[in-house]
Amino acid sequence: MSDTERRADATAPRAVAAGRLSAMDQVSMLLARSIAFQIAFVLNAAIITIAFIPLFVLPRRTGVGPMKLWASTSLFWLRVICGTRIEVRGRENIPVQGALIAAKHQAAWETFALMPLMPDPVFILKRELFHLPLWGWYARKFGMIGIDRSAGTKALSEIAEKGQAAIDAGRQVIIFPEGTRTAPGAAPAYKNGTAHLYHRLERPVVPVALNSGLYWPRKTIRRHPGTIVVEFLPPIPPGMGLKAFRNKLVETIETASDRLYVEGCRERGITPVARGDS
């Protein structure tokens, strides 16, 4: 064996160890940044909600600005600390008047990140969130719509009534048709609530696709760098039957979300998971 080969054999283990250390460093850095963001996220929410407590004695409309400020500053810290950006597509489809918006739900991210994109948004969310200190008080005071998921058809009627009032007031009502977060690439499980609202309100529905779950995954504190894409799709006109509308909604959102999922996997350098394997 030549001297060159001996030197190569001697340095090979160190190179492998250095590669492993580099990978470990990347994971550690990702975790450190994610923890730092989580701290900033909580502090940001606490500072803004406390600072604007006097708004509780003022009309609801005065609270829209502070809630958008909280959302925008949270996105700022997510970009600065974690390197997670946002790209909005289909802006021409974002309604500025009263409307019903049906969004894909993969992460907690969209429960605040969609807020700055519309003039006067209102989310349909589970009523338990109203019990959260400060944030829940704001949600209730400033007109978010709480749903008791155990109430069945009674809850649907209540949502339709409150949703109609919000749309008539010029607000953009945002609902998550799946009712809960679904992992990217997983088979969807759409509930009937959105179709019920569509039928009762007789309004167009704007579908929204996204790939947030790739960068803000469920059940972990990790926040990955990259670009979350949210896409507002052309509205589905009123007048369709319930089954036809539901099929159209699922097809529209899932086709676009699958495309964004593959795009995000390519950016992150990971292999998309087939739905049968998820």
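Let me begin by describing the structure that accompanies this report.

About the thresholds
Residues numbered from 1 in each chain as written. Predicted model: local features only at pLDDT ≥ 70, side-chain atom pairs only at ≥ 80, totals over all residues. Heavy atoms only, no water. Core = buried A, V, L, I, M, F, W, Y, C linked by side-chain atoms within 4.5 Å. Buried < 20%, exposed > 50% of the residue type's maximum accessible area, 1.4 Å probe, protein only. Helix = DSSP H or I, 4+ residues; strand = E, 2+ residues; numbered from the N terminus. Contact = heavy atoms within 4.5 Å. 1 Å grid on protein atoms, 1.4 Å probe; cavity = no way out; pocket = protein on both sides within 12 Å on 5 of 7 lines; lining within 4 Å. Points joined across faces, edges and corners; volume = space filled by probe spheres on them. Axes fitted to C-alpha atoms, helices over the stretch in contact; angles between N-to-C directions. Parallel < 35°, antiparallel > 145°, perpendicular 65-115°, else oblique. Left-handed = near helix turned anticlockwise from the far one by under 90°. Nonpolar A, V, L, I, M, F, W, Y, C, P; charged D, E, K, R; others polar.

Some thoughts on the nonpolar core
Taken as a class, soluble globular proteins show a tendency for nonpolar side chains to be buried jointly.
No. 1: Judged by nonpolar contacts, the single largest core of 68 residues is most densely connected at Trp109, Phe112 and Phe232.
No. 2: Top element by residues in this core is helix 2 (residues 64-82). It accounts for 7 residues.
No. 3: Among residues more than four places away in sequence, those in contact with Phe232 are Val88, Arg89, Gly90, Asn93, Ile94, Leu114, Leu117, Met118, Val206, Pro207 and Val208.
No. 4: Ala209, Val229, Ala256 and Leu260 belong to the second largest nonpolar core, which has 5 residues in total.

Some points on the layout of surface pockets
No. 1: Quantified by volume, the largest pocket comes out at close to 1,100 Å³.
No. 2: Those elements giving two or more residues to the lining of the largest pocket turn out to be helix 1 (3-51), helix 2, helix 3 (110-113), strand 3 (121-126), helix 5 (153-168) and helix 6 (193-201).
No. 3: It is helix 1 that provides the largest number of residues to the lining of the largest pocket, a total of 6 residues.

What about the packing of helix 6 against helix 7 (residues 242-268)?
No. 1: At a closest axis distance of 10 Å, the pairing of helix 6 and helix 7 adopts a crossing angle of 125°. Comparing the axis directions of helix 6 and helix 7 gives the class oblique. In terms of crossing hand, the pair formed by helix 6 and helix 7 is right-handed. Contact residues: Thr194, Ala195, His196, Tyr198 and His199 in helix 6; Leu242, Phe245 and Leu249 in helix 7.
No. 2: Broken down by class, the residue content of the contact of helix 6 with helix 7 amounts to 5 nonpolar, 3 polar and no charged.

Examining the environment of Ala155
No. 1: Tracing the backbone shows Ala155 in helix 5.
No. 2: Taking the relative accessible area as the measure of exposure, Ala155 reaches 5% and is therefore buried.
No. 3: For the pair formed by Ala155 and Gly193, sequence separation is 38 residues and the distance between their alpha carbons is 9.3 Å.

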